[in-house]
Amino acid sequence: CGNHSICNNTDGSFFCTCLDGFIDDDGNCTDINECALGTDVCQQNCTNTLGSYECACNTPCVEGYTGANCDEDIDECANDAFICGIGGNCTNEVGSYQCNCSDGY
Ligand SMILES: [Ca+2]
Ligand SMILES: [Ca+2]
């Protein structure tokens, strides 16, 4: 059946099917370019690979976010206890954080 395909036995014969991620192109199973076709699920930076594709985030992410898809909030308050200064109270927010002063500061 050739590369990137599966041979299926039948009574007296056989037929070939392409593996996932490949498409029949004139009898040859060739890689599907998911990025070019737009069938990928990447939010950004799709890279076509043989039989599949990969997603990567822009580096660095927009300020306040992290993770493979840049959709995870950074907890600035947990990362830096003194981000709001002495006497400041930090409140984490999605994509951001806020500082408020304690009484007397
Ligand atoms: Ca592919
Ligand atoms: Ca945050």
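Presented here is a report on the structure given in the accompanying data block. Since we're looking at a predicted model, the values are computed, not measured.

### Focus on the overall build of the protein chain
- If you tally the helices and strands in the protein chain, you get 2 helices and 10 strands.
- Here the C-alpha atoms of the protein chain give a radius of gyration of 25 Å, more than 25% beyond the 13 Å that 2.2 N^0.38 yields for 105 residues.
- By principal-axis analysis of the C-alpha atoms, the protein chain measures approximately 90 × 25 × 15 Å.
- For the protein chain, buried positions account for 17% of its 105 residues.
- Across the protein chain, the fraction of contacts at a sequence separation of at least 24, relative to all contacts at a separation of at least 6, is 10%.
- Carbon together with sulfur atoms contributes 48% to the accessible area of the protein chain, which is approximately 7,500 Å² in total.

### Description of the state of the cysteines
- All chains considered together, the criterion is met by 6 disulfides.
- Covalent S-S linkage joins Cys 1 and Cys 16, the inter-sulfur distance amounting to 2.0 Å. Residues Cys 1 and Cys 16 are joined by a disulfide whose S-S torsion is about -80°; by sign, that bridge is left-handed. Separated by 15 residues along the polypeptide, Cys 1 in the segment before β1 (5-10) and Cys 16 in strand β2 (residues 13-18) bring together distant segments of the chain.
- Here Cys 35 is linked by a disulfide to Cys 46, with a sulfur-sulfur distance of 1.9 Å. Between Cys 35 and Cys 46 the disulfide shows an S-S torsion of about -70°. By sign, it is left-handed. Of this pair, Cys 35 sits in helix α1 (residues 34-37) while Cys 46 sits in strand β5 (residues 46-49), and the two are 11 residues apart along the sequence.
- Owing to a relative accessible area of 23%, Cys 35 belongs among the partly exposed residues under this scheme.

### With respect to the coordination of the calcium ion (ligand 1)
- Taken together, the protein ligands of the calcium ion (ligand 1) are Asp 31 (OD), Asp 31 (OD), Ile 32 (O), Glu 34 (OE), Asn 48 (OD1), Thr 49 (O) and Ser 52 (O), with distances of 2.3 to 2.8 Å.
- Look at where the donors of the calcium ion (ligand 1) fall in the sequence and you get D-I-x1-E-x13-N-T-x2-S. Within this pair, whereas Glu 34 is found in helix α1, its partner Ser 52 is found in strand β6 (residues 52-55), the two being separated by 18 residues in sequence.
- By relative accessible area, which is 8% here, Glu 34 ends up buried.
- The partly exposed category is assigned to Ser 52, whose relative accessible area is 32%.

What counts as what
Residues numbered from 1 in each chain as written. Chains lettered and ligands numbered in written order. Predicted model: local features only at pLDDT ≥ 70, side-chain atom pairs only at ≥ 80, totals over all residues. Heavy atoms only, no water. Helix = DSSP H or I, 4+ residues; strand = E, 2+ residues; numbered from the N terminus. Rg over C-alpha atoms; globule rule 2.2 N^0.38 Å. Buried < 20%, exposed > 50% of the residue type's maximum accessible area, 1.4 Å probe, protein only. Contact = heavy atoms within 4.5 Å. Areas by Shrake-Rupley, 256 points an atom, 1.4 Å probe, with all protein chains shown as cover. Disulfide = S-S within 2.5 Å. Donors = N, O, S within 2.8 Å, 3.2 Å for Na, K, Ca; no water.

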